Amino acid sequence: MAKIPQERKFIYYLGMILMILGVILFLSVFFSVASFMKNPTMLFGGMPSFGNAIIGMIFMMIGGVLMNIGAKGAAGSGIILDPEKAREDLKPFNEAKGGMINDVVSNIDVVDRLVNAREEKEVIKIKCRNCACLNDEDAKFCKGCGQEL
Ligand SMILES: [Zn+2]
């Protein structure tokens, strides 16, 4: 079993870091678009920068190529990174990446909920004179205290 040169691992990790940066850049554009659509009048939040999305994609592509070189070696070198060992090496990275993806997913969920919450707020509610409970527009009785509206 040939030993994997340290530089190749470095290239592999560098590729992975680039890829993660690319994903973050790419997603940051997504989130700025989401917040922009949520509040289009707030121009100081800035128009979403689509340049970042392109840079993000380039980062991901370069990262992918670097990871490939790191894993398989430059063309014809013949040494293939031991997948078992690589998995062991990358464990903390994979866990970090998994956590990040979970964060991103829960962020998407939060954005989704914020957008929906805004829509809900636009529904007309009637405030009860007795307990200040908010009731649906067509409600006959307060759902909080039962008083006739
Ligand atoms: Zn009430």
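Residues numbered from 1 in each chain as written. Predicted model: local features only at pLDDT ≥ 70, side-chain atom pairs only at ≥ 80, totals over all residues. Heavy atoms only, no water.

### Digging into the overall build of the chain
Phase 1: Secondary structure assignment for the chain yields three helices and two strands.
Phase 2: Burial status across the chain gives 19% buried among its 149 residues.
Phase 3: Per element, the accessible surface of the chain, about 10,700 Å² overall, is 65% carbon and sulfur. (Helix = DSSP H or I, 4+ residues; strand = E, 2+ residues; numbered from the N terminus. Buried < 20%, exposed > 50% of the residue type's maximum accessible area, 1.4 Å probe, protein only. Areas by Shrake-Rupley, 256 points an atom, 1.4 Å probe, with all protein chains shown as cover.)

### Observations regarding the state of the cysteines
Phase 1: Taken as a whole and assessed by the stated rule, the structure comprises zero disulfides.
Phase 2: Cys133 takes part in no disulfide bond, and the closest cysteine sulfur, belonging to Cys142, lies 4.5 Å away. (Disulfide = S-S within 2.5 Å.)

### Here's the deal with a nonpolar patch on the surface
Phase 1: A contiguous nonpolar surface patch, about 550 Å² in accessible area, is contributed by Phe26, Ile54, Met57, Ile58, Met61 and Ile62.
Phase 2: With five residues, the single largest contributor to the nonpolar patch is helix α2 (residues 50-72). (Patch = residues over 30% accessible without salt bridge, like charges linked within 9 Å, V, L, I, M, F, W, Y side chains within 5 Å. Salt bridge = Lys/Arg side-chain N within 4 Å of Asp/Glu carboxyl O.)

### Quick word on the coordination of the zinc ion
Phase 1: Only Cys128 (SG), Cys131 (SG), Cys142 (SG) and Cys145 (SG) from the protein coordinate the zinc ion, and they sit 2.3 Å from it.
Phase 2: Seen from the zinc ion, its four donor atoms lie at angles of 102 to 115°, and the figure they make is tetrahedral.
Phase 3: Between the donor residues of the zinc ion, the gaps in sequence give the motif C-x2-C-x10-C-x2-C. Residue Cys131 is found in the loop between β1 (125-127) and β2 (134-136), and its partner Cys145 is found in the segment after β2; the two are separated by 14 residues along the sequence.
Phase 4: Classification of Cys131 as partly exposed rests on a relative accessible area of 35%. (Donors = N, O, S within 2.8 Å, 3.2 Å for Na, K, Ca; no water. Tetrahedral: all angles 85-135°; square planar, octahedral: opposite > 155°, others 65-115°.)

### Topic: the pattern of salt bridges
Phase 1: Summed over all chains, the structure comprises one salt bridge.
Phase 2: Where Lys125 meets Asp136, a salt bridge forms, and the shortest distance between an N and an O atom there is 2.9 Å. Here the residue Lys125 occupies a position in strand β1, and Asp136 occupies one in strand β2, the gap between them amounting to eleven residues.
Phase 3: Judged by relative accessible area, Lys125 falls into the partly exposed class, the value being 36%.

### Observations regarding the nonpolar core
Phase 1: Membership of the largest hydrophobic core is limited to five residues, which are Tyr12, Tyr13, Met16, Met67 and Ala71.
Phase 2: For this core, the element with the most residues is helix α1 (residues 6-38), which contributes three residues. (Core = buried A, V, L, I, M, F, W, Y, C linked by side-chain atoms within 4.5 Å.)

### Here's the deal with unusual backbone geometry
Phase 1: Phi is positive for Ala132, which is not a glycine, with a value near 65°.
Phase 2: The residue Ala132 is located in the loop between β1 and β2 in this model.

### Quick notes on the confidence of the model for the chain
Phase 1: On average, residues of the chain carry a pLDDT of 73, and 54% of them reach 70 or more.
Phase 2: Looking at the elements of the chain, mean pLDDT is at its lowest for helix α3 (residues 83-121), recorded as 60, and at its highest for β2, recorded as 90. (pLDDT = per-residue confidence, 0-100.)

### With respect to the environment of Cys133
Phase 1: You can see Cys133 is positioned in the loop between β1 and β2.
Phase 2: With relative accessibility at 22%, the residue Cys133 sits in the partly exposed group.
Phase 3: Once the C-alpha coordinates of Cys133 and Gly144 are considered, the two residues, eleven residues apart in sequence, prove to be 5.8 Å apart.
Phase 4: What Cys133 contacts, discounting residues up to four positions off in sequence, is Ile126, Lys127, Cys128, Cys142, Lys143 and Gly144. (Contact = heavy atoms within 4.5 Å.)

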